[in-house]
Amino acid sequence: MIRGTSLAWLGLTLLLACHSFFPGFAMAEVGRQWEWVNPLPQGQTLDDFAVVDEEVIYSAGVGGTVLRSGDGGATWTILPTGTTAWLQSVDFTDRLTGTIVGEANLAGLILRTTDGGQSWQQQGSDPLPWLTSVDFIDADTGVIVGWEGTILWTTDGGATWTPQVSGTTERLESVHLFDASQAVAVGIGGVICRTTDAGATWHIIPSTTTERLESVHFGGPDHGAAVGNNGTVLYSYNGGANWSARASGTSDWLDQVVYCNSDTAVAVSGQGAMIVSTNGGINWGPLAPPRPGHWNAVDFTVEEGILLSGGVGSLWRSDPSWTVWSNAQTGPTESLTGVARVTSD
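Residues numbered from 1 in each chain as written. Predicted model: local features only at pLDDT ≥ 70, side-chain atom pairs only at ≥ 80, totals over all residues. Heavy atoms only, no water.

Asks: I'd love a proper account of the overall build of the protein, names of residues and values included.
Replies: Helix and strand content of the protein: 1 helix and 32 strands. Evaluated residue by residue, the protein yields a buried proportion of 54% over its 345 residues. Considering only contacts in the protein between residues 6 or more positions apart, those separated by 24 or more positions represent 42%. Approximately 14,200 Å² of the protein is accessible, and the part contributed by carbon and sulfur atoms is 53%. (Helix = DSSP H or I, 4+ residues; strand = E, 2+ residues; numbered from the N terminus. Buried < 20%, exposed > 50% of the residue type's maximum accessible area, 1.4 Å probe, protein only. Contact = heavy atoms within 4.5 Å. Areas by Shrake-Rupley, 256 points an atom, 1.4 Å probe, with all protein chains shown as cover.)

Here it is in structure tokens:
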């Protein structure tokens, strides 16, 4: 999946070369390493959140970026990853144990941590196709999807990843794991794959659309939604066995959908739209974001506030009423067009 985030990755590469012409980016050289000085904590695009509990939240994105918050999203710190890969999806099952997937040099990448992101171990056997989404239900059982219809399943925390036959060669963009047996994946061309036997068999489910589906999520065993190109929203009332198209009220490309509970879901777009359902995904209407922007990632805090990121790594958080917003990212993000060397001479 190549969208706005790939441009931010290009931005980092050029920034290190010429230091200029990028929105609000400023870095300082310390020895022979670089560190962010504006905006803070960083300015790369973020593609996913993983909410662990009331305090601990992780986020991942372009340029090998992984952030951790220990205070519910009020402040964030950068974690070392040892990679500049595009990290597209992150999931943690507790404060210390998490998995990230993405792309490095057009190949798939799986990273695993058991110490809260202080160190990462690469998993899987090379070469892997580009990987787009990961979901775990506990520290052992998880599923990954990606390009070429790739589905990988683990029951040992990723020590081994078993390839499964998805029944499609389309690129799969997102997966939701209900339990140790049931999962739903969506992707290009409106494809929907479903398993009820831990991936021993995957079935292609009629989706009523040929639009590209970017994200799928459920608010429990029954109600769920898949979203994608041209404002596409599909709704399922029975765990992904059947789907129907729903009016979204937007033609924007919807990038991510997430449920807070069985009734409440929010979807966002890199083109600026933000929509909400309060009846399980049947009806959708506009929801005002904190300001106009390009939104790549959304999630809910434990207190049912909204986490929102877009553009150059903004880190918005709302109160549970969704009316009061604060941005944990500080510093201007307007375009910088030059740099000068200043010395004491």
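Asks: I'd like a rundown of the pairing of strand β12 (residues 131–136), residues and numbers included.
Replies: Counting buried positions along β12 gives 6 out of 6 residues, so the element sits mostly inside the fold. Bridge count for β12 against strand β13 (residues 142–146) is 5 bridges, and the pairing is antiparallel. Across the sheet, residue D135 finds its bridge partner in β13, namely V143. (Pairing = 2+ DSSP bridges.)

Asks: Please set out the side chain of T141 residue by residue, giving values where relevant.
Replies: Checked against the element boundaries, T141 lands in the loop between β12 and β13. Sequence-distant contacts of T141, defined by excluding residues within four places in its chain, comprise D135, F136, W153, T154, T155, L177 and A180.

Asks: An account of the sheet that holds strand β22 (residues 233–236) is needed here, citing residue identities and associated values.
Replies: With antiparallel pairing, the 4 strands of this open sheet are ordered in space as β20-β21-β22-β23. Of all strands in the sheet, those with a lone pairing partner are β20 (213–218) and β23 (244–246), marking the two edges. Between one strand axis and the next, the sheet turns by 25 degrees as a mean value, whatever way the strands run. Where strand β21 (residues 224–228) and β22 come together, 4 bridges link them in antiparallel fashion. Looking at β22, one finds that A225 is bridged to Y235. (Axes fitted to C-alpha atoms, helices over the stretch in contact; angles between N-to-C directions.)

Asks: Any chance you could break down the confidence of the model for the protein for me, citing the residues and the numbers?
Replies: For residues with low pLDDT, the predicted coordinates do not support detailed interpretation. Summarising the model, the protein shows a mean pLDDT of 90, and 89% of its residues fall at 70 or more. For residues 1–22, every residue scores under 50 in pLDDT, and the model assigns this stretch 51 contacts once sequence neighbours within four places are set aside. (pLDDT = per-residue confidence, 0-100.)

Asks: Any details on the packing of aromatic side chains? Residues and values, ideally.
Replies: Scanning the entire structure with this criterion turns up 10 aromatic pairs. A network of ring pairs unites the aromatic residues Y58, F92 and W120 as a single cluster. Of note, R171 hangs over the ring of W147, and the distance from its end group to the ring centre comes to 4.5 Å. (Phe/Tyr/Trp six-rings, centres within 6.5 Å; stacked < 30°, edge-to-face > 60°. Lys NZ or Arg CZ within 6 Å of the ring centre and 35° of its normal.)

Asks: Provide a residue-level description of the sheet that holds strand β10 (residues 107–113), including the pertinent values.
Replies: Strand order in the open sheet made by the 4 strands is β8-β9-β10-β11, with antiparallel pairing throughout. Pairing within the sheet leaves two strands with one partner each, and these edge strands are β8 (86–92) and β11 (121–123). Sheet twist, expressed as the average angle between the axes of neighbouring strands with direction ignored, equals 30 degrees. One ladder, built from 7 bridges, connects strand β9 (residues 98–104) with β10; its direction is antiparallel. By the bridge assignment for β10, E103 is matched with G108.

Asks: Explain the pairing of strand β18 (residues 192–195) to me, using residue names and the numbers behind them.
Replies: The side-chain alternation of β18 yields two buried faces, one formed by I192 and R194 and the other by C193 and T195. One ladder, built from 4 bridges, connects strand β17 (residues 183–187) with β18; its direction is antiparallel. What sits directly across from V184, in β18, is R194. Here β17 hands over to β18 after 4 residues, with G189 in that stretch at a positive phi of 70 degrees. With 2 bridges joining them, β18 and strand β19 (residues 203–204) adopt antiparallel strand pairing. Counterpart to R194 in the pairing with β19 is H203.

Asks: Give a description of the pattern of salt bridges that names residues and reports values.
Replies: Under the definition given, this model contains 5 salt bridges. Taking the shortest distance from any N to any O, the salt bridge between R212 and E214 comes out at 2.9 Å. Residue classification places E214 among the buried positions, given a relative accessible area of 4%. (Salt bridge = Lys/Arg side-chain N within 4 Å of Asp/Glu carboxyl O.)

Asks: Lay out the environment of L40 with the relevant residues and their values.
Replies: With respect to the helices and strands, the residue L40 is situated in the loop between β3 (33–38) and β4 (46–51). For L40, a relative accessible area of 36% translates into the label partly exposed. Sequence spacing of L40 and W76 is 36 residues, and the spatial spacing of their C-alpha atoms is 8.9 Å. When residues no more than four places from it in sequence are discounted, the contact partners of L40 are A328, Q329 and T330.

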